[in-house]
Every structure is written in C-alpha cells, then in structure tokens.
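Examining the three-dimensional arrangement
The primary structure of each chain is shown beneath.
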Amino acid sequence: MNPSSHRAGHVAVIGRPNVGKSTLVNALVGAKISIVSPRPQTTRHRLLGIATFPEGQLLLVDTPGLHREQKRAMNRMMNRAARGSLEGVDAALLVVRAGKWEDEDTLAFDALRGAGLPVVLVVNQVDLIPDKTALLPYLARISEGREFAGVHPISALKRSGLEALVKTVLALLPEQAALYGEDEITDKSQRFLAGEMVREQVMRQLGDELPYATTVEIERFEVDGALLRIGAVIWVERDGQKAIVIGKGGTRLREIGAKARVQMEHLFGAKVFLETWVRVREGWSDDEAALRQLGYE
C-alpha cells in the first residue's frame with residue numbers, strides 16, 4: 001500500500017454465531033456499539049461500525065451469525081441480514097474461533113466465496129490456546145483448499161494482533177477519502193443503541209432462561225436539556241416469561257435497567273433517566289409482520 005494513499009471501504013464481518021464478531025468490531029471502532037453476551041446470536045441486526053485510522057477508514061458491517069437452522073421467522077430474518085450484508089462491500093473478514101472449524105464456518109466461507117469477495121481469515125481467541133505451537137498445523141489445515149487474502153490470529157478481547165489485521169484489510173480497499181467524519185462511530189441512532197443495551201442486559205441477566213423470547217422496543221426517547229429520558233419495553237411471549245424478567249419484587253428488572261443506564265451514559269456522554277416495562281406479545285419471534293413492527297429487517 002502506498003504510504004501516502006488513503007483507503008476507505010465497506011468490510012463485512014461474517015462468521016457463525018458466538019465467535020466474537022461484535023467484540024472485534026467494538027475493538028476496531030474503539031467504542032462499544034455492538035452488544036455482546038455469552039449467548040449465541042446476540043447480534044440480530046446489521047450494524048455499521050466506523051473505524052478511522054490515519055491511513056484509512058474501515059466501514060465494518062457487523063452481522064448476525066450465519067447458521068443452518070431456520071425454523072423460526074427470527075432465524076430466517078437474521079440469515080437474510082447476514083447474507084444481505086455482502087452486497088456492495090469491498091472485502092470480508094471471516095471470523096472463526098481458534099482451534100475450531102465447524103460446519104457453519106464452511107457455510108460462511110462458501111457464502112463469501114460465492115460473493116466473489118477477498119476474504120481475510122480472522123482466527124479469534126488465540127489467547128485461550130495454551131499451546132501456541134498447535135496453531136500452525138491448525139492454520140495449515142483450515143487454509144488447505146481455501147484462498148484467503150490474509151490470515152490473522154488475534155484476540156479481540158485483549159486487542160492483540162489488530163494493527164497487522166487493519167493493515168491487511170486497508171490494502172484491499174479502494175483509494176478514496178473517508179466516507180464518514182472521524183468522530184462518527186456508527187450509522188445507528190442513539191434510540192436503536194439504547195434498545196440494544198437494554199436487550200444485552202436481559203440476555204446477560206437471564207442466561208438460558210429465555211432463549212429467544214425477548215426483544216426491546218424504545219417507546220420514548222426525549223432530550224430534556226442535559227438529560228435523556230428513555231422508556232423501554234421488554235417484550236416476551238408468555239406471562240411466565242414476564243415474571244422471570246421482572247424477578248422477585250422487581251429486583252431483576254431494576255438490575256437490568258441500572259446496568260443498561262450506566263452503559264448508555266458512557267456511550268452517549270449524557271445523564272440518562274431510564275424506565276423499563278415488561279409486556280407480553282404471544283408468538284412475536286415467529287411472526288414476520290410482528291418482527292418488522294419491532295424493528296427487524
């Protein structure tokens with residue numbers, strides 16, 4: 001890459017569920033714009049993360065994880081969002097977990113190959129591999145018969161290996177000026193991000209108790225001087241799930257709200273007054289019309 005040139009372009013971040021795609025996007029952007037939890041398929045929407053460096057700008061398209069099972073409307077919508085993210089991008093990052101290559105990794109690679117994109121293999125969580133000498137035969141095995149524009153072992157959580165990765169990806173992008181201002185970090189509104197932060201805490205607090213039965217809708221987002229007044233509805237599918245979210249004496253709902261508010265204040269740089277409610281809407285996660293009304297594409 002010409003050291004005096006500036007490059008910018010769109011980069012899809014693809015992989016199976018729960019390999020650290022959102023953690024990688026947050027690390028490159030330098031701010032938490034994409035929610036993370038130990039649960040697979042935490043990311044449900046296409047989200048643009050804007051990472052600006054002196055040499056160029058990466059427009060990172062964070063997507064839901066590609067998966068074969070499409071029994072519910074939400075799974076089908078997430079797969080469409082992931083595949084749709086390949087349109088109009090200049091390159092792709094295929095994120096895998098170090099030491100693993102599963103059927104859904106092949107699914108993701110085949111989708112990228114079919115789109116004709118240069119693919120950089122990002123081997124995440126190498127910090128969890130105690131014997132680093134085991135990485136070499138693993139990398140050789142998964143690269144056999146597959147063409148990659150670069151292979152980068154990294155730890156997104158510990159932010160290691162990212163500088164070399166950025167250099168490789170920028171070299172694949174067109175020479176052009178930055179497409180966004182250097183202070184911009186995402187194309188999503190504060191309203192959208194507020195809903196995601198509440199949903200993140202629901203997923204973190206409830207573990208496996210509510211697999212895909214919750215979503216969040218922001219009913220109110222008002223700027224009141226230096227204060228943001230936000231009202232969030234947590235939607236569930238059954239009355240029993242509502243009781244789980246609220247918790248004994250409302251303790252769990254208060255904890256969800258308190259932690260989400262701290263995250264919002266950190267990202268938005270403003271004081272937040274957050275109210276949360278839990279409501280029931282039967283079958284919303286398997287109803288495409290309901291999903292569209294709740295902001296899913």
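Analysis parameters
- All residue numbers refer to positions counted from 1 along the written sequence of the respective chain.
- Predicted model: local features are reported for residues with pLDDT of at least 70 only, side-chain atom pairs are reported and counted for 80 or more only, and whole-chain, interface and lining totals are derived from all residues.
- Side-chain descriptors were evaluated using all non-hydrogen atoms of the structure, hydrogens and water having been removed beforehand.
- What pLDDT conveys is the predictor's confidence in a given residue, as a value from 0 to 100.
- To qualify as a helix, a DSSP run of H or I must reach at least 4 residues; to qualify as a strand, a run of E must reach at least 2; elements of each kind are numbered from the N terminus.
- In this scheme, a residue with accessible area under 20% of its type's maximum is buried, one over 50% is exposed, and one in between is partly exposed, where area comes from a 1.4 Å probe on protein chains only.
- The arc in question is traced by the directions running from the helix axis to the C-beta atoms.
- Pairing between two strands is assigned when DSSP locates at least 2 bridges connecting them.
- Axis geometry follows a simple rule: fit a line to the C-alpha atoms, using only the stretch in contact for helices, then measure angles between N-to-C directions, giving values from 0 to 180 degrees.
- Criterion for a salt bridge: a side-chain nitrogen of Lys or Arg within 4 Å of a carboxyl oxygen of Asp or Glu.

Focus: the confidence of the model for the protein chain
- For the protein chain, mean pLDDT is 87; residues scoring 70 or higher make up 86% of the total.
- The lowest-confidence element of the protein chain is helix α2 (residues 73-84), averaging 63 in pLDDT; the highest-confidence one is helix α5 (residues 162-170), averaging 97.

A few points about α5
- All of the buried residues along α5 are L162, L165, V166, V169 and L170. Angularly, the buried residues of α5 cover 125° about the axis, an arc narrow enough to put them on a single face. Facing away from the buried side of α5 by more than 90 degrees, the exposed set consists of E163 and K167.

Considerations on the sheet that holds strand β4 (residues 91-97)
- Here we have six strands laid out as an open sheet, ordered β2-β3-β1-β4-β5-β6, and mixed in their pairing. Where the open sheet ends on each side, the last strands, each with one partner, are β2 (47-53) and β6 (150-153). Taking the axes of each pair of neighbouring strands and ignoring which way they run, one obtains an average angle of 25° across the sheet.
- Across seven bridges, strand β1 (residues 7-14) lies against strand β3 (residues 56-62) in parallel orientation. Across the sheet, A12 pairs through a bridge with V61, a residue of β3.

Quick notes on the environment of G116
- With respect to the element layout, G116 can be found in the loop between α3 (103-115) and β5 (119-124).
- Assessed through its relative accessible area of 61%, G116 is described here as exposed.
- Placed 26 residues apart in sequence, G116 and D90 show a C-alpha to C-alpha distance of 9.8 Å.

A closer look at the pattern of salt bridges
- For the structure shown, the criterion picks out 13 salt bridges.
- One salt bridge connects E196 with R199, and the closest N-O pair in it is separated by 3.0 Å. Taken together, the residues E196 and R199, both in helix α6 (residues 190-206) and three residues apart, mark about one turn of the helix.
- By relative accessible area, which is 10% here, E196 ends up buried.
- One salt bridge in this structure joins R220 and E275, with 2.8 Å as the shortest N-O distance. Of this pair, R220 sits in strand β7 (residues 215-224) while E275 sits in strand β9 (residues 271-280); the two residues are 55 residues apart in sequence, bridging distant segments of the chain.

Re unusual backbone geometry
- In this model, N18 sits at a positive phi of 70°, which is unusual for a non-glycine residue.
- Examined against the element boundaries, N18 turns out to sit in the loop between β1 and α1 (21-29).
- The phi torsion at R159 lies on the positive side, around 60°, for a residue other than glycine.
- With respect to the helices, strands and loops of the structure, R159 is situated in the loop between β6 and α5.

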